[in-house]
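A look at the structure
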Amino acid sequence: MDLTVKTLEGKDAGKVSLKEEIFGLEPREDILARMVRYQLAKKRQGSHKTKGRSEVALTGAKMYKQKGTGNARHHAKRAPQFRGGGRAHGPVVRDHSHDLPKKLRALALKHALSTKAKAENLIIVDDLVTAEAKTKALTAQFSGLGLENALIVGGSEVDSNFKLAARNIPNIDVLPVQGINVYDILRRGKLVLSKSAVEALEERFK
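Rules used in this analysis
Residues numbered from 1 in each chain as written. Predicted model: local features only at pLDDT ≥ 70, side-chain atom pairs only at ≥ 80, totals over all residues. Heavy atoms only, no water. UniProt positions renumbered as here; feature names shortened; annotations may be inferred. Helix = DSSP H or I, 4+ residues; strand = E, 2+ residues; numbered from the N terminus. Buried < 20%, exposed > 50% of the residue type's maximum accessible area, 1.4 Å probe, protein only. Contact = heavy atoms within 4.5 Å. Polar contact = N/O pair within 3.5 Å; in protein donor to acceptor, adjacent residues only side chain to side chain. Axes fitted to C-alpha atoms, helices over the stretch in contact; angles between N-to-C directions. Left-handed = near helix turned anticlockwise from the far one by under 90°. Nonpolar A, V, L, I, M, F, W, Y, C, P; charged D, E, K, R; others polar. Arc of directions from axis to C-beta. Core = buried A, V, L, I, M, F, W, Y, C linked by side-chain atoms within 4.5 Å.

With an unreviewed UniProt entry as reference, the protein chain is termed Large ribosomal subunit protein uL4, source organism Martelella mediterranea. Quoted verbatim from the Subunit (unreviewed entry) field of UniProt, the annotation for the protein chain is "Part of the 50S ribosomal subunit."

Before going further, it helps to examine the environment of Asn-181. Positionally, Asn-181 belongs in the loop between strand S5 (172-175) and helix H6 (182-187). By relative accessible area, which is 16% here, Asn-181 ends up buried. Asn-181 sits 83 residues away from His-98 along the chain, and the two C-alpha atoms are 17 Å apart. The residues contacting Asn-181, other than those within four sequence positions of it, are Gln-39, Leu-109 and Leu-175. Among the polar contacts made by the side chain of Asn-181, one reaches the main-chain carbonyl oxygen of Gly-179 at a distance of 3.0 Å.

This next bit is on the environment of Ile-152. Mapped onto the elements, Ile-152 comes out in strand S4 (residues 150-153). The class for Ile-152 is buried, based on a relative accessible area of 0%. Expressed as a C-alpha distance, the spacing of Ile-152 and Ala-41, which sit 111 residues apart in the sequence, is 24 Å. With sequence-adjacent residues up to four places away left out, Ile-152 is seen in contact with Leu-128, Phe-142, Phe-162, Ile-172, Asp-173, Val-174, Leu-175 and Val-192.

To continue, consider the packing of helix H2 (residues 29-43) against helix H3 (residues 102-118). Their axes nearest at 9 Å, the elements H2 and H3 cross at an angle of 115°. For the element pair H2 and H3, the recorded crossing hand is left-handed. The residues of H3 that touch H2, namely those facing Ile-31, Leu-32, Arg-34, Met-35 and Tyr-38, are Leu-104, Arg-105, Leu-107, Ala-108, His-111, Ala-112 and Thr-115. Considered class by class, the residues forming the contact of H2 with H3 number eight nonpolar, two polar and two charged.

Along an α-helix, a turn takes 3.6 residues, which lines up residues three or four apart on a common side. Taken as a whole, helix H4 (residues 135-145) has its buried residues at Leu-138, Phe-142 and Leu-145. Around the axis of H4, the buried residues are gathered within 55° of arc, so they sit on the same side. Residues of H4 that are exposed and angled more than 90 degrees away from the buried face: Lys-136, Ala-140, Ser-143 and Gly-144. Against strand S1 (2-6), strand S3 (122-125), S4, helix H5 (160-166) and S5 lie the buried residues of H4.

Our focus in this paragraph is the nonpolar core. Core analysis: the biggest nonpolar cluster contains 32 residues, and Phe-23, Leu-113 and Leu-193 have the highest contact counts within it. Listed by contribution, the elements that provide at least two residues to this core are helix H1 (20-23), H2, H3, S3, S4, H6, strand S6 (190-194) and helix H7 (195-204). Per-element accounting of this core gives the leading share, six residues, to H3. Here Leu-193 is in contact with Phe-23, Leu-122, Ile-123, Ile-124, Val-125, Val-153, Ile-180, Val-198 and Leu-201, once residues within four sequence places are set aside. Grouped together as the second largest cluster of nonpolar side chains are 17 residues, Leu-128, Phe-142, Val-158 and Val-192 included.

Here's what the structure looks like:
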């Protein structure tokens, strides 16, 4: 698969050949869905909690005597049916993450890249470098490339001026190639890869 390489100014800068086994797969929604679920579950904080009957600040003394009152038999006011009592079967602090095989995670990333390539939402740029950290200038360059909602992935290190200029632009995310992931690829309309990012991905999936 051959794609034209663009500069940030929108000019052609040659062509790049992309590997079919990474960018040319037939996308599978089931694999992508499993990976997104895995990522979102891993991000959950899991700190939600309510107090049970052993944790609420109420007396543990018996409310009234067992017999002779005509009322139902009760023990402490901490029981869930009473006002101020503990919550029955409430949420507890826990880890929501679950396992997903490493090979499946790698395959999901390939399918996410292939999804963008098949939909013609993949753009390759020669380099992500700006002389100044000026958001206005970078916004104009993005407009020329048709980028309104995009994930931009650079090499192992993203140019500091580019990162600073891009961080105030809405619906634009910038990541180094180590941080590329399925969820961020799918949540943005277009995927922009630098040539160094393409080389790193192809090296990663050798």
